[in-house]
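Breakdown of the fold
Listed below, chain by chain, are the residues.
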Amino acid sequence: MIITGTKEYFKGIGAIKFEGKESDNPLAYKYYDADRVVAGKTMREHFKFAMAYWHTLCNTGGDPFGPGTKIYPWSTNSDPNRAAREKADAAFEFITKMGFDYYCFHDFDLVDEAPTLLESERRIQKITTYLAEKQNASGVKLLWGTANCFSHPRYMNGAATNPDFNVVARAGAQIKIALDTTIALQGENYVFWGGREGYMSLLNTNMKRELDHMGRFLNMAKDYARNNGFKGNFFIEPKPMEPSKHQYDFDCATVIGFLREYDLDKDFKINIEVNHATLAQHTMQHELQIAANAGMLGSIDANRGDYQNGWDTDQFPNNILETTEAMLVFLKAGGLQGGGINFDAKIRRNSTDLEDIFLGHIGGADIFARALLIADKIRSVSPYEELLAKRYNSFDTGKGRAFESGELNFKDLYTIAQENGEVALQSGKQELFENIVNQYI
Ligand code: XLS
Ligand code: NI
Ligand code: NI
């Protein structure tokens, strides 16, 4: 059901429907068929597609070389509380027209930050009440909430890792309010992306102390939320750099080590973003696999980077090969734990039609749907899984099996190798694996 406010913002665009790949209608899904069952679940259940408030409703396209190019018809009101309600109306109109079930936000995406903490809290409480009504009316849910502890100048040296305790306390207050908001809106998860938790120069940084502070801070946040009824997951979103030169949540492997060191691994999982993976010199599928290995594959921020220029360009996903390889890991891991697919992506600065916001999201949903169908086929009808298992079958029986179950000692390896003589080469068959993927695309 489409939910508009008093004003319809996306006039002329109705519900986006599945029409199949033969359709020429740009405002229709070609592959995302929400109720189609793939590998035992509907596409809707697999993905839990979410709209990101910040890119979709707040970002007007400014870059270091010029101001925003988009004039959005919502949030032009000079009263911040009214502007927030208009933005929420636009948000729910968009989400329900897309047929998505979820959204995500930072605290100050919802409403502009006020001059004082108290006034900010009041503004957030007001818009929270309004959002709760919109959620009830539409059935749309909050996938995750978070706090923007990186834009305001006070956080220039970090939030939880700031060398000044007073800034750490301020970040704590802000995150307490963001947690209250997430709990009030029955948010299913809460995200920490440490935009400025890191450093610009190690010369002026006590790294050990800053990491200890972050560990303590996250434990305090977790305890507060748990004591106030939050049952969902906490996610850390790794990113190696930008805006800091070096960020502490560098990549999945680093985050897992951190969570285990500070005793947070039972409550925290990982929110993995495509463009952050590539900034860390990894593929998305590598990051998903690392998280899955640790049982921490929580959620996905879907976008894509630019393979020529490198930075966090947050473009809508459209790389079928990359997404198919990601979906192979996704399916094998049994999907996401608590999270969903949040489009942390923005249309280009020169994409200035309101329709472009729809086109970006439709393309993103379609690429995931298509990749899921392909990955499911590869796994269920091609020889892929069998070929992969075959590479390891020397561990399934005999000495290999004894090794895996810990029944051999190091000297046993020596004896076995002496008896074997030179080993025969086993081809890795990479080209065959690649051809199978291509065949099913
Ligand atoms: C920025 C991050 C941010 C998080 C939420 O690079 O992706 O948008 O997802 O704070
Ligand atoms: Ni993100
Ligand atoms: Ni990002």
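In case you missed it, the structure is sitting above this.
In what follows, the accompanying structure is described. (Residues numbered from 1 in each chain as written. Chains lettered and ligands numbered in written order. Predicted model: local features only at pLDDT ≥ 70, side-chain atom pairs only at ≥ 80, totals over all residues. Heavy atoms only, no water.)

The next thing to look at is the overall build of the chain. From N to C terminus, the chain includes 16 helices and 14 strands. The C-alpha radius of gyration of the chain comes to 24 Å, within 12% of the 22 Å expected for a compact globule of 441 residues. Principal axes of the C-alpha set define a box for the chain whose edges measure 80 × 60 × 45 Å. Within the chain, the fraction of its 441 residues that count as buried is 51%. In the chain, of all internal contacts separated by at least 6 residues, the share reaching a separation of at least 24 is 76%. (Helix = DSSP H or I, 4+ residues; strand = E, 2+ residues; numbered from the N terminus. Rg over C-alpha atoms; globule rule 2.2 N^0.38 Å. Buried < 20%, exposed > 50% of the residue type's maximum accessible area, 1.4 Å probe, protein only. Contact = heavy atoms within 4.5 Å.)

Around the barrel, eight strands lie side by side as S5-S6-S7-S8-S10-S12-S13-S14; this closed barrel has parallel pairing. On average, each strand axis in the sheet is inclined to that of its neighbour by 30 degrees, with strand direction left out of account. One ladder, built from four bridges, connects strand S8 (residues 189-192) with strand S10 (residues 233-236); its direction is parallel. Pairing of asparagine 189 across the sheet is with asparagine 233, part of S10. Sitting on the sheet, helix H7 (residues 207-227) touches S8, S10 and strand S12 (268-273), and the angle it makes with S10 is about 155 degrees. Relative to S12, helix H10 (residues 284-293) is tilted by about 175 degrees, and along the sheet it contacts S12 and strand S13 (297-302). (Pairing = 2+ DSSP bridges. Axes fitted to C-alpha atoms, helices over the stretch in contact; angles between N-to-C directions.)

Let's shift gears to the coordination of the nickel ion (ligand 2). Binding of the nickel ion (ligand 2) to the protein goes through Glu237 (OE), Glu273 (OE), Asp301 (OD) and Asp344 (OD), at separations of 2.0 to 2.1 Å. Each donor residue of the nickel ion (ligand 2) lies on one chain, and together they are spaced E-x35-E-x27-D-x42-D. For glutamate 237, a relative accessible area of 4% gives the class buried. On the accessibility criterion, aspartate 301 (0% relative accessible area) is buried. (Donors = N, O, S within 2.8 Å, 3.2 Å for Na, K, Ca; no water.)

For H7, with 21 residues, the first-to-last C-alpha span of 30 Å sits near the 30 Å given by 1.5 Å per residue. If you check which residues of H7 are buried, you get Glu210, Leu211, Met214, Gly215, Phe217, Leu218, Asn219, Ala221, Lys222 and Ala225. Considering only its buried residues, H7 is in contact with helix H6 (165-184), S8, strand S9 (198-199), S10, helix H8 (252-261) and S12. Looking one or two places after H7, you find glycine 229, whose phi comes out positive at around 90 degrees. (Expected span 1.5 Å × (residues − 1).)

Geometric values such as these leave the question of function open.
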